[in-house]
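# Report on the structure
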Amino acid sequence: MGALNYVDADSPIHRLNPLTRLFLAVMLCLGSIITDSVITQTLYLLFIFAIARIARVHPNAISLFKGLFKACLFIFVLQILFVRRGNPLFLFITDEGLTSAYIVAMRVMNASLAFTLVLMVTRMTDLTNAMVYYLHLSYRYAFVITTALRFIPILMDELNEIREAQTARGVEFDTGSSLKRLQLILPLCAPLLINAIRRTDSAAVSAEVRGFHLRTRLSGCKVYPFRTCDLVCAAACILLCVLCVLGNIYLKPLPFFI
């Protein structure tokens, strides 16, 4: 099972309304973006893992963290190279450059983890029906949004399968320079694109056969009521953003890299 696939579990997060879970993901992403303090970004990452632990998807979150670490490390190095403000620490590395690199890398990490958390705890069919029923969103647009989200883990799994097939044929992806690895990865995009087009065409035919054009707001057979826990979660999300703003005010001036 991929790190972005839905995990069926009986947790307080899974029992929330699908729209509440979507609101949680949006607010977590917003909080990670507005956070501009090294200490707050670190605490924010621990908070996201705490939510993943409550939702019982922490193994998937850890796996995703390992996958994002290399990309965030690359961003971290780029920021150090291009940000030259502040006091020099070692060679061309400055304190402001180091702080900025850490914040930007952690911002990408936290926002990515927060967004994908909704994929791990929410069925896309539930999210589609809830958006159509409560938000009065056209089923066509809701279907497009959730289908795009659903295809993310599917395409990642297919990419891994294509890579394993190429490895079985003698292609070595883990050797050589970074440029050579990039040249080996680019040919994987062609079969991945072909499979994506085939899957899209099959999904379109399947949707039309099942009466896609006849769907209305009342076509859903499942009710998603809002409970007290949904209101508590929404209030906690708003409070979290307020704490992020306060963290920028009171924690940002504190020295971190000495």
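Rules used throughout
- Residues numbered from 1 in each chain as written.
- Predicted model: local features only at pLDDT ≥ 70, side-chain atom pairs only at ≥ 80, totals over all residues.
- Heavy atoms only, no water.
- Helix = DSSP H or I, 4+ residues; strand = E, 2+ residues; numbered from the N terminus.
- Buried < 20%, exposed > 50% of the residue type's maximum accessible area, 1.4 Å probe, protein only.
- Contact = heavy atoms within 4.5 Å.
- Areas by Shrake-Rupley, 256 points an atom, 1.4 Å probe, with all protein chains shown as cover.
- Expected span 1.5 Å × (residues − 1).
- Core = buried A, V, L, I, M, F, W, Y, C linked by side-chain atoms within 4.5 Å.
- Axes fitted to C-alpha atoms, helices over the stretch in contact; angles between N-to-C directions.
- Parallel < 35°, antiparallel > 145°, perpendicular 65-115°, else oblique.
- Left-handed = near helix turned anticlockwise from the far one by under 90°.
- Nonpolar A, V, L, I, M, F, W, Y, C, P; charged D, E, K, R; others polar.
- Patch = residues over 30% accessible without salt bridge, like charges linked within 9 Å, V, L, I, M, F, W, Y side chains within 5 Å.
- Salt bridge = Lys/Arg side-chain N within 4 Å of Asp/Glu carboxyl O.

## Remarks on the overall build of the protein chain
Summing up its helical and strand segments, the protein chain has 9 helices and 2 strands in all. Shown N-terminal to C-terminal, the secondary structure of the protein chain runs as helices and strands in the order α-α-α-β-β-α-α-α-α-α-α. Split into buried and exposed, the 258 residues of the protein chain put 36% on the buried side. Across the protein chain, contacts joining residues at least 24 apart in sequence account for 73% of those joining residues at least 6 apart. Just so you have it, the protein chain exposes about 15,500 Å², and 68% of that area is on carbon and sulfur atoms.

## Brief notes about helix H9 (residues 228–250)
For H9, with 23 residues, the first-to-last C-alpha span of 32 Å sits near the 33 Å given by 1.5 Å per residue. Along H9, the positions that sit buried rather than exposed are Asp-230, Cys-233, Cys-237, Leu-240, Cys-241, Cys-244, Gly-247 and Asn-248. Considering only its buried residues, H9 is in contact with helix H1 (18–34) and helix H2 (38–54).

## Notes on the environment of Ala-25
By the element assignment, Ala-25 lies in helix H1. The spacing of Ala-25 and Val-118 is 93 residues in sequence and 6.0 Å in space, taken between C-alpha atoms. Not counting residues up to four positions away in its chain, the partners in contact with Ala-25 are Ala-114 and Val-118.

## What to know about the nonpolar core
Core analysis: the largest hydrophobic core is formed by 34 residues, its most contacted members being Leu-28, Val-57 and Leu-113. Listed by contribution, the elements that provide at least two residues to this core are H1, H2, helix H3 (58–82), helix H4 (95–121) and H9. Filtering out sequence-adjacent residues up to four positions away, Leu-113 remains in contact with Leu-45, Ile-48, Phe-49, Ala-61, Leu-64, Phe-65 and Leu-68. Grouped together as the second largest cluster of nonpolar side chains are 15 residues, Val-118, Met-131, Leu-149 and Phe-212 included.

## A short note on the packing of H2 against H4
To describe two helices that pack against each other, one gives the angle between their axes and the distance between the axes. Remark: H2 packs on H4, axes separated minimally by 9 Å, with the N-to-C direction vectors making an angle of 20°. Put simply, H2 runs roughly parallel to H4. In terms of crossing hand, the pair formed by H2 and H4 is left-handed. Residue-level contacts link Val-38, Gln-41, Thr-42, Tyr-44, Leu-45, Ile-48, Phe-49, Ile-51 and Ala-52 of H2 to Thr-99, Tyr-102, Ile-103, Met-106, Arg-107, Met-109, Asn-110, Leu-113, Ala-114 and Leu-117 of H4. Split by residue class, the contact of H2 with H4 holds 14 nonpolar, 4 polar and 1 charged.

## Concerning a nonpolar patch on the surface
A contiguous nonpolar surface patch, about 1,100 Å² in accessible area, is contributed by Phe-69, Leu-73, Phe-74, Val-77, Leu-78, Leu-81, Phe-82, Leu-89, Phe-90, Leu-91 and Phe-92. Taken together, the elements giving at least two residues each to the nonpolar patch come down to H3 and strand E1 (88–90). By residue number, the principal contributor to the nonpolar patch is H3, which donates 7 residues. Within the secondary structure, Leu-81 sits in helix H3.

Shape descriptors only; they carry no functional weight alone.
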